[in-house]
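What follows is each chain in one-letter form.
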Amino acid sequence: MAEPILKVENLKKYFPLKRGLLASLRGEPERFVHAVDGVNFEIYKQQVFALVGESGCGKSTTGRLIVKLLEPTDGKIYLEGQDVTEVRTKEEVLAYRRKVQMIFQDPFASLNPRFRIFDVLEEPLLIHGIGETRAEREELIYKALEMVKVTPPEDYVSRFPHMLSGGQRQRVAIARALILNPTFIVADEPVSMLDVSIRAEILELMKDLKDRMGVTYLYITHDLSTARYFADWIAVMYLGRIVEMGPAKRIIDNPLHPYTRALLAAVPEPKPERRNVIKELPIRGEVPSAVEIPPGCRFHPRCIYAQKGLCDVEQPKLVEYEHNHWAECHLVGKF
Amino acid sequence: MAKTVLEVKNLKMYYFTNKGVVKAVDDVSFDLKKGEVMGLAGESGCGKSSLGFTLLGMPTPPGKIVDGSIKVDGREIVGLPDDVLRKEVRWEKISMIFQGAMNALNPVFTVGYQMTEPLIYHKGMKQEEALDRAQKYLELVGLDPEVVYRYPHELSGGMKQRVIIAMALLMEPSVVIADEPTTALDVVVQAQIINLMKRLKKELGLSMIFITHDLSILAEISDKVAIMYAGKIVEIGDSEKIYYEPAHPYTQKLLAAIPRLHEDVEKLEFIPGQPPNLINPPKGCRFHPRCPYAMDVCREQEPELKEIDKDHYAACWLL
Ligand SMILES: Nc1ncnc2c1ncn2[C@@H]1O[C@H](COP(=O)(O)OP(=O)(O)OP(=O)(O)O)[C@@H](O)[C@H]1O
Ligand SMILES: Nc1ncnc2c1ncn2[C@@H]1O[C@H](COP(=O)(O)OP(=O)(O)O)[C@@H](O)[C@H]1O
Ligand code: SF4
Ligand code: SF4
Ligand SMILES: [Mg+2]
Ligand SMILES: [Mg+2]
């Protein structure tokens, strides 16, 4: 296979926990949120790589590290072979941002309410010095709006964000990401806050742009059904680590990790005939805090297969069990 | 046959705003039997929560019930004075799990205080009796009764939602309205809460109206489903009918928009545009500007709910 567009190696991000004055006076050790704790993956051109998991497992932090809204505690990120952690000067960061764009969850919060749609879209062009004249920029803006089907553009350019529907707002956010013609887009829960029908519309749009423009995506979501629909690959995250990774359908149809199985069992399906059946959920309790990471396999307190003396002691490694199908569990195939 | 616990006829609730009259609930009728769960779905802004508040006899201002009837256990509640509603109906006969309620728990009071306060002040219960009852219901929803002594921030999201459910059950109401009770929760916790509600339905014979825009979650629990569009129920029937033989174009499109976990879907369908403004809804069928099958008659005359099959009604000129 070709070289990956994006490669992430042993990526870590620890956030220091705010200590009380008393704690620091007593000299208690500083504590950390282990938001991302040793993550490895590769994404190839024109593919959609989904990062799924419960809230707080480190999906957004991973995305923010990739777009350089955050700097890693440790590890490397390579975009088209270039070491992203070495990108430092203002000019370098600017050039990098032009290639890597992010779409956020909340279409209501992600657009400046005082900017007209024209200004929202002109801003990135001005920052990156694209388009000599206003007329040139206008042409690019109209083209971007047409691409995301906010048409006819002249009806929308002078509106403010609050004058658009949720779906249109998210389309404008996508247009803003696309106007710079990026190689790579981090889409952080881009459809979670939208109604079913608009959700379908935006997913179709992103799919279409992938096919037509050759965009590559990191798709962050907690929804396995949309991940199966939209993504080529799925990586399941738990407490800062990838616990299973592989082609999307394989993960859904043949999950190897107990956590993936539990997540899948929990997904609601539009099948009313099972309405009186209590669902078996092969998992215990809720996600623990990312400050106190359990020893051994970090999933063991919730795992119904956990083996004493093994799972609570030794951290498993992410191993390729089948071609292209990785899992981080001592007991794969044994339950 | 199970008895009818809730009977709603030609209910209208309008918001009288200074921009005009928002017809958020416009001629809604249905009934609910004991032990039955009715799902209520539709896009954002179609009037689901408005209907929920109205059934509780407390439309949010500037909303007013302008017509129709709501009978809870056979008793008419439209027109009852506020203090009677507060003393005899709300929480005792019909209660509600409000959209986003778990985030509205007061951080400075214990769970026990928040659960017992209404029992003591509105229902005149003794403190001990109220506390006993709170503990009993916490246990019923799968929590340690000691949770009465805890503060909201000490609880996880799933635990808070269980507290909210326990609160809705405290007065042993005949009907519980649950407005998006799982929407803010992670998928595992969401499934746990749905399991809890299934158990309550079975063990207590609970009758429930379950509101959500997510048709996958709705199918997990509903015996029958009502689809709301622009203030009206456009289709209603047994769950199997709605999911496997949807009759109204709106229902069909909503179902075609859901990605499936275990099925290959070539392309998701979506409904262009958005629900209309309810001050001036479109003439005729309110769905006509977005409907791929719209005909001349649809633009002129409003279709009525028609029985197309046993206990299965839809409002569309195609039928
Ligand atoms: N207090 C109010 N005053 C005026 N209009 C209101 C009020 N509350 C709701 N509305 C309007 O009534 C209509 C129905 O709103 P409602 O909250 O019932 O929708 P919903 O179906 O519950 O939506 P969601 O899925 O977003 O919760 C909308 O047009 C809304 O803007
Ligand atoms: N800026 C920050 N400061 C401190 N902690 C953070 C910050 N951002 C995220 N976290 C913590 O890191 C963990 C992972 O968060 P996040 O990446 O947002 O998860 P997800 O997107 O999977 O829900 C959580 O425990 C979260 O509270
Ligand atoms: S390593 Fe042990 S505790 Fe961890 S997922 Fe596998 S079986 Fe469960
Ligand atoms: S009545 Fe006409 S516009 Fe309305 S749903 Fe039926 S076909 Fe479509
Ligand atoms: Mg996130
Ligand atoms: Mg609502």
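Residues numbered from 1 in each chain as written. Chains lettered and ligands numbered in written order. Predicted model: local features only at pLDDT ≥ 70, side-chain atom pairs only at ≥ 80, totals over all residues. Heavy atoms only, no water.

Draft legend 1. Molecular detail of the coordination of the magnesium ion (ligand 6). Here the magnesium ion (ligand 6) is held by S49 of chain B (OG) and Q99 of chain B (OE1), and the distances to it run 1.9 to 2.3 Å. In this pair, S49 of chain B sits in helix α1 (residues 48–55) while Q99 of chain B sits in the loop between β6 (94–97) and α3 (111–121), placing the two residues 50 residues apart along the sequence. (Donors = N, O, S within 2.8 Å, 3.2 Å for Na, K, Ca; no water. Helix = DSSP H or I, 4+ residues; strand = E, 2+ residues; numbered from the N terminus.)

Draft legend 2. Just the nonpolar core, in detail. Core analysis: the biggest nonpolar cluster contains 96 residues, and L6, F30 and L55 of chain B have the highest contact counts within it. Two domains each put at least three residues into this core: domain 1 (4–81 + 176–314) and domain 2 (94–172) of chain B. The residues touching F30 of chain B, leaving out its near neighbours within four places in the chain, are L6, E7, V8, M38, L51, L55, I209, I233 and I236 of chain B. Grouped together as the second largest cluster of nonpolar side chains are 73 residues, F118, V191, L224 and A248 of chain A included. (Core = buried A, V, L, I, M, F, W, Y, C linked by side-chain atoms within 4.5 Å. Buried < 20%, exposed > 50% of the residue type's maximum accessible area, 1.4 Å probe, protein only. Domains from an automatic or database assignment. Contact = heavy atoms within 4.5 Å.)

Draft legend 3. Spotlight on the sheet that holds strand β11 (residues 319–322) of chain A. All names here are of chain A. Strand order across the open sheet formed by eight strands is β6-β7-β8-β3-β9-β10-β12-β11, with mixed pairing between neighbours. Sheet topology places β6 (100–103) and β11 at the edges, where each strand pairs with a single neighbour. On average, adjacent strands in this sheet sit at an angle of 20° to one another, irrespective of strand direction. Of the pairings in the sheet, the one linking β11 to strand β12 (residues 325–327) comprises three bridges and is antiparallel in character. Looking at β12, one finds that E320 is bridged to W326. (Pairing = 2+ DSSP bridges. Axes fitted to C-alpha atoms, helices over the stretch in contact; angles between N-to-C directions.)

Draft legend 4. Region of interest: the pattern of salt bridges. Within this structure, the stated rule accounts for 42 salt bridges over all chains. Between E292 of chain A and R31 of chain A there is a salt bridge whose closest N-O contact spans 3.2 Å. Here E292 of chain A is found in the loop between α10 (258–266) and β11, whereas its partner R31 of chain A is found in the loop between α1 (21–25) and β2 (32–43), with 261 residues between them in sequence. The exposure class assigned to E292 of chain A is exposed, which follows from its relative accessible area of 54%. The salt bridge involving R290 of chain B is made with E43 of chain B; its shortest N-O contact spans 3.0 Å. Residue R290 of chain B is located in the loop between α9 (249–256) and α10 (296–300), and its partner E43 of chain B is located in the loop between β3 (37–41) and α1; the two are separated by 247 residues in the primary sequence. Per residue, the accessibility class of R290 of chain B equals that of E43 of chain B, and both read buried. Sharing partners across several salt bridges, the network here consists of K76, D83, E86 and R88 of chain A. (Salt bridge = Lys/Arg side-chain N within 4 Å of Asp/Glu carboxyl O.)

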